[in-house]
Amino acid sequence: MPTLLEQITWAYTPIPAGAGVGYVNLGIGQIGTESPVALVTAGIHGDEGPWGAWAIRKLLAHTSTDELRGTLRVVPVANPLAMQADSRNAPLDMLDLNRSFPGNADGSHTERLASVLTEKALHDVSVVIDLHGGGSWCVNSFAFQMPGGEALSRAFGAPFIVAAPDRTVTLTGYARSQGAQVAAIEMGGRSEEEAQWAERIALGLRRALGIAGVLTPADGIEPLGDSIPVGSTHVLRPSRGGVFLPEVRTADIGTIVAGGTVLGYLLDPVTQEIVETFTAPYQQTALLLLRPTVARLEGGAMTYVVAEPTNQ
Ligand SMILES: [Zn+2]
């Protein structure tokens, strides 16, 4: 039996990308013709690939066509120009694609991209899974949960689960406003364990698409762990720019540390003296996002995302 990867069809839509570049191609893959239709996207923020795209590839390569029940549509690189620039947003207009839905066909680069995604990828879907997470400078360990999509979010076995803000300008928020079940996954990123994160996301996709009825139920795939629900997230940021020296590292992502635990330091870039110390703010501090390596920081940069576990 062939795999989904062997049978999927790719279609490319050129998006105007300014005088220097000309066009970038938005690639949309599809396999199947039946209902329900699920869309899996990755890289809507250009600096967050390629871990989500890698997971999509693993899913396609490891799933055979006889497991397909509905239609699977994938967009592994949702923001191609931003990906090439290793930037959250496309450098042409610096608009956040995930605040631009449903888009504008006559608008700027990012607004047009949102419009194409709305028309060619979102128009008929009943399930949307949007892979964010990690990226060029951090590792994430949580799933966003939205009403109606709880089972999809939990299928990933992310260390933590967070209620998502209700915003219709995001890809998932817009899809939900149109009646789809949705999940946004914030897992993985650049670290020594990037391959394991990609594998974990791929298994989560397989389980979630089984729950959605697009693939056969993934009964043979063990749950990847129970997600701990946490309350609203809090971002730790430096008051000024400098050099970041981590104290907690790759192995600590997705864990809960005691209040006061030193997470990392901001160093003066000239003298290398410690000028600020990042510490765990809660008695039980869940580490949802961290930077695992020495890095440059601009003042106000997102350095840690933390939350408190809720009693559930
Ligand atoms: Zn993102």
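Model, not experiment: these values are computed from the prediction.

**Notes on the domain arrangement of the chain**
What the domain assignment lists for the chain is domain 1 (4–228) and domain 2 (230–307). Using C-alpha coordinates to define each centre, domain 1 is positioned 27 Å away from domain 2. Facing 13 residues of domain 1, the contacting portion of domain 2 comprises 13 residues. Only β6 (139–145) and β7 (160–163) provide two or more residues apiece to the side of domain 1 that touches domain 2.

**So, the environment of Ala-202**
Note on placement: Ala-202 falls in helix α8 (residues 194–212). The spatial distance from the C-alpha of Ala-202 to the C-alpha of Pro-50 is 13 Å, given a sequence separation of 152 residues.

**Description of the pairing of strand β4 (residues 71–75)**
In terms of residue burial, β4 counts as a mostly covered element, since four of its five residues are buried. Both strand β2 (residues 23–31) and β4 contribute to a ladder of three bridges, which runs antiparallel. For Gln-30, the partnering residue across the bridge sits in β4 and is Arg-73. Looking at chain direction, strand β3 (residues 37–42) and β4 are connected through five bridges and run parallel. The partner of Val-40 across the bridge, within β4, is Val-74. Assessed by its sense of winding, the connection that carries the chain from β3 through helix α3 (residues 51–62) to β4 is right-handed.

Thresholds, definitions, all that
- Residues numbered from 1 in each chain as written.
- Predicted model: local features only at pLDDT ≥ 70, side-chain atom pairs only at ≥ 80, totals over all residues.
- Domains from an automatic or database assignment.
- Contact = placed C-beta atoms within 7 Å.
- Helix = DSSP H or I, 4+ residues; strand = E, 2+ residues; numbered from the N terminus.
- Buried ≥ 20, exposed ≤ 12 C-beta atoms within 10 Å, placed from the backbone.
- Pairing = 2+ DSSP bridges.
- Right-handed = clockwise from strand over helix to strand, strands pointing away.

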